[in-house]
Amino acid sequence: MFFLHPARTMTLPDPSADQALRIYLALAQYPILRTRIRELMRRELFRRGIITPQAFEAEVRAKAIESQAREGLHDPLWEENEETWETRLSRIRTHLTDFYFAYNLHFEDFENIVKQVLAERDPSARQIEVSFNPELAPQDMLFEQAQAIEHLPPEERKKYQHRYNELLVVLIRKIISDQLAYINIAKSWFTISDLQNISRRKIGHGKIGGKAAGMLLAARILSEIADEDICQRIRIPESYFLGSEVMYAFMSYNDLMHWADQKYKSEEQIHADYPRIQREYARGEFPPDILDRLRLMLKKVGSRPLIVRSSSLLEDNFGTSFAGKYDSVFCPNQGDLEANLHALTQAIAHVFASGLNPDALLYRRAMGLQDYDERLAILIQVVEGEQFGDYYFPHAAGVAFSRNLYRWSPQIRQEDGFLRLVWGLGTRAVERVGVDYPRLVALSHPQLRPEFAPKLIRRYSQQYVDVINLKTNRFETLSIHQVLNRKYPLLRYIAQIDQGGFLMPIRSNVADQQISQVVITFDGLLQRTAFAEHMRRMLHILETHYHTPVDMEFAIYVRDPHSLNPQVDIAILQCRPQSHSEDEEAHLPEEIAPEDIVFSTRRMIPHGRVRGIRYVLFVVPERYYALPTAAERSELGRAIGRLNNRLADETFICIGPGRWGTRNPDLGVNIRYSEIYNTRALIELAGGKFDTTPEPSFGTHFFQDLIEAKIYPLAIDLNDEDAIFNHDFFYNTPNQLAKYCPEDADLEDCLRLIEVSAYRPSHRLELIMDSNAGQAVALLVPEA
């Protein structure tokens, strides 16, 4: 109404109309007490010298006269009766009180005034006051009342249990998450004390977001009901939370709000704008009050490395994990305080910018979440690990799944779970990176590997390790042999010695010259400790109480590795519902004519069915690997993205060499989720003329994307005598690429768009994946 910003009184970095709205809504629940509360609000403004009583009343009178003029009163002092004039003054006085308070003082100051007025009213009734609305009340009031109920005698407490339950849910919704599926579980486990501990570590307003929420809930469930041997071994990292409203404060403070409608732009514009968004966010600064809190946090943390992780409001939710959509940034934290603070704020700004990256925005669009106000909270954690030489990293890390969706042997029990395990930081366990492989562990049979020959075990073992270099103050990826030496205390747990024809356990000191023969296998860890069994039981507990399969990121620390019975501590880094396809009837026909089969594989089969496939997008391996530069191979990925858009209303699948979604275009098709989300299956080709074998992507962020989008991943090894690959279909059917993407016609040699009916008229392709039979077949069927 009269809210022209009085610049002379601007003492804070614009808490914005948001704080004024919060004050207005809070006052709405105290109709009897509002007059007294505003009286004390004005008294506080006058006491602090923000405005004098005389100047305040003069402004009230001036604005009242201005409002009369706007209403067409030409002689306002005589054309309005005294009662109307006093009502006008009262309303303007109310608005100015709220306005000056919101723009110059903290919300905590308002909360203190409310509590003072309530205490004046009835100090004894203040403990169990049930007349106010918890949804609008200050958090401190909610905590105080909940604690008061907790301290009542048991019989008395029963009368207020319903109130306590309401307070608990409201606090969970205010502090952690407003997702109902999460709240329905969390309200049975969190205590008021838990929520207070979270609140004490929170910086700024807003919720702590999904990633933090899942980690805290998993740890709470396990600490409450797991057996003692597990309870003693689990923990979460030292964590701090940047509230979700800080993101908007950062955007407002740096004039970045013009990017808030980015999600509604075209796909082309979203891609084009993102580099500029990253640059503008990188130049941003943080409000002084947030900087002060971050500086205090750094003083407490000291020189321990940190990781800055996204924790958006939708992240790690049921059915939408947002796996890998937003960035995480390591901060080695080895400089002086101000240098560390600068690095930390740059990392936070980088994560905020990643909220507008094309993959995230298009994922939200595909999932029907575009209109949700997706704010990013930030989870800041001390990195789990210890120093070895110049490097800092955990003994091992990875991602665990309570359901093993891809069994490589009939012995494996799906319900016992699965791990992707790496040495060092866990980044290599969740991304498809380089020529590198994690250890895959079926928790029903931890020592049963997908590979069987020593040569293959070595070939598909971890070659590189992610570490924090404390000397250079950087996150680095190094060859394992650059970091390992014979003095590494965990060597016998993570590695074996390649003796040519066999792998030998390490039972004594390793000579320096043998380090080059070391192979990361984790056999010692899996054989000598209870780690795998503990993980299996933990995942079972979490699945039971989440009422759905879960996946969990973790890091481990082996205590006293020289003892006969070493204990393994497990740090829970993240926990969320596991992405999985809905069960669908998919049984192979008893008889299939050989001429109807386009391809068939028995390699790690999911369960499902894709009907009515009209197009097959085929990346020709020979031509792809003949492209002279990585840039040209990457450009082919962009062309696939254009086809993905133009085939949005068609049913199609993609087949190509090596790894779909790899960062390295020399190893397969460099593609992002935003360029492939309309396909129904991604099939990886290996073998034949090319010395490649697709590493199962199960467990990576890319895999999560595929499952949530109902895209089936498959692999065909052309060296497998059971595999079928119809060369004539893929190489001799006319190419329709120029019809859909004329601008990419020059790629026709290596990118083929096959219309199924051009190979056999009036037919479509049907892909049947029968996990029970251990076989997937794509066959030609007549059009319905």
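Just so you know, these numbers come straight off a predicted model, no measurement behind them.

1. Focus on the overall build of the protein chain
And step 1. When its secondary structure is counted, the protein chain shows 29 helices and 28 strands.
And step 2. Sorting the 784 residues of the protein chain into buried and exposed places 56% on the buried side.
And step 3. In the protein chain, of all internal contacts separated by at least 6 residues, the share reaching a separation of at least 24 is 75%.
And step 4. A total of about 33300 Å² of accessible surface is found on the protein chain, and carbon and sulfur atoms cover 49% of it.

2. Let's talk about the pairing of strand 10 (residues 418-422)
And step 1. Counting buried positions over the five residues of strand 10 gives five, a clear majority of the element.
And step 2. The two faces of strand 10 match: F418, R420 and V422 on one face and L419 and L421 on the other face are all buried.
And step 3. For strand 10 and strand 11 (residues 439-442), the ladder comprises four bridges, and the chain directions are antiparallel. In the sheet register, L419 faces strand 11, and the bridge partner there is V441.

3. What about the nonpolar core?
And step 1. Judged by nonpolar contacts, the single largest core of 86 residues is most densely connected at I176, L195, W423, F531 and M535.
And step 2. With nine residues, helix 11 (residues 210-225) is the single largest residue contributor to this core.
And step 3. What I176 contacts, discounting residues up to four positions off in sequence, is L171, Y182, F190, L195, I198, K207, I208, G209 and A213.
And step 4. The next biggest cluster of nonpolar side chains, apart from the first, holds 42 residues, and it includes V246, M297, A349 and Y363.

4. What to know about the confidence of the model for the protein chain
And step 1. Per-chain confidence: the protein chain averages 85 in pLDDT, with 87% of residues scoring 70 or above.
And step 2. When the elements of the protein chain are averaged for pLDDT, helix 26 (residues 701-708) gives the smallest value, 59, and strand 8 (residues 391-393) the largest, 97.
And step 3. pLDDT under 50 marks residues 1-16. Its contacts with residues more than four places away, or in other chains, come to 37 contacts.
And step 4. Every residue in residues 123-127 scores below 50 in pLDDT, and together they form five contacts with partners more than four places removed in sequence or on other chains.

5. Describing the environment of S312
And step 1. With respect to the helices and strands, the residue S312 is situated in strand 4 (residues 306-312).
And step 2. Taking the relative accessible area as the measure of exposure, S312 reaches 0% and is therefore buried.
And step 3. Separated by 135 residues in sequence, S312 and S177 have C-alpha atoms that sit 9.7 Å apart.
And step 4. The contacts of S312, once residues within four sequence positions are left out, are G209, G210, Y326, E374, R375, L376 and A377.

Calculation rules
Counting restarts for each chain, with residues numbered from 1 along the sequence as it is written. With pLDDT at 70 or above as the cut-off, local features in this predicted model cover only qualifying residues; side-chain atom pairs require 80 or more to be listed or tallied, and sums for whole chains, interfaces and linings still use all residues. In computing side-chain values, all of the structure's heavy atoms are included and hydrogens and water are not. In this description a helix means any DSSP run of H or I spanning at least four residues, a strand means any run of E spanning at least two, and both kinds are numbered starting from the N terminus. For every residue, the accessible area obtained with a 1.4 Å probe (protein chains only) is divided by the maximum for its type, and the residue is called buried under 20%, exposed over 50%, and partly exposed between those limits. Contact between two residues is taken to exist if any of their heavy atoms lie within 4.5 Å; hydrogens are not considered. Computed with a 1.4 Å probe, the accessible areas rest on the Shrake-Rupley method; for each residue, only the protein chains presented here act as cover. DSSP calls a pair of strands paired once it identifies at least 2 bridges connecting them. We call a set of buried residues a nonpolar core when its members are Ala, Val, Leu, Ile, Met, Phe, Trp, Tyr or Cys and they connect through side-chain atoms within 4.5 Å of each other. For every residue, the predictor reports its confidence as pLDDT, a number between 0 and 100.

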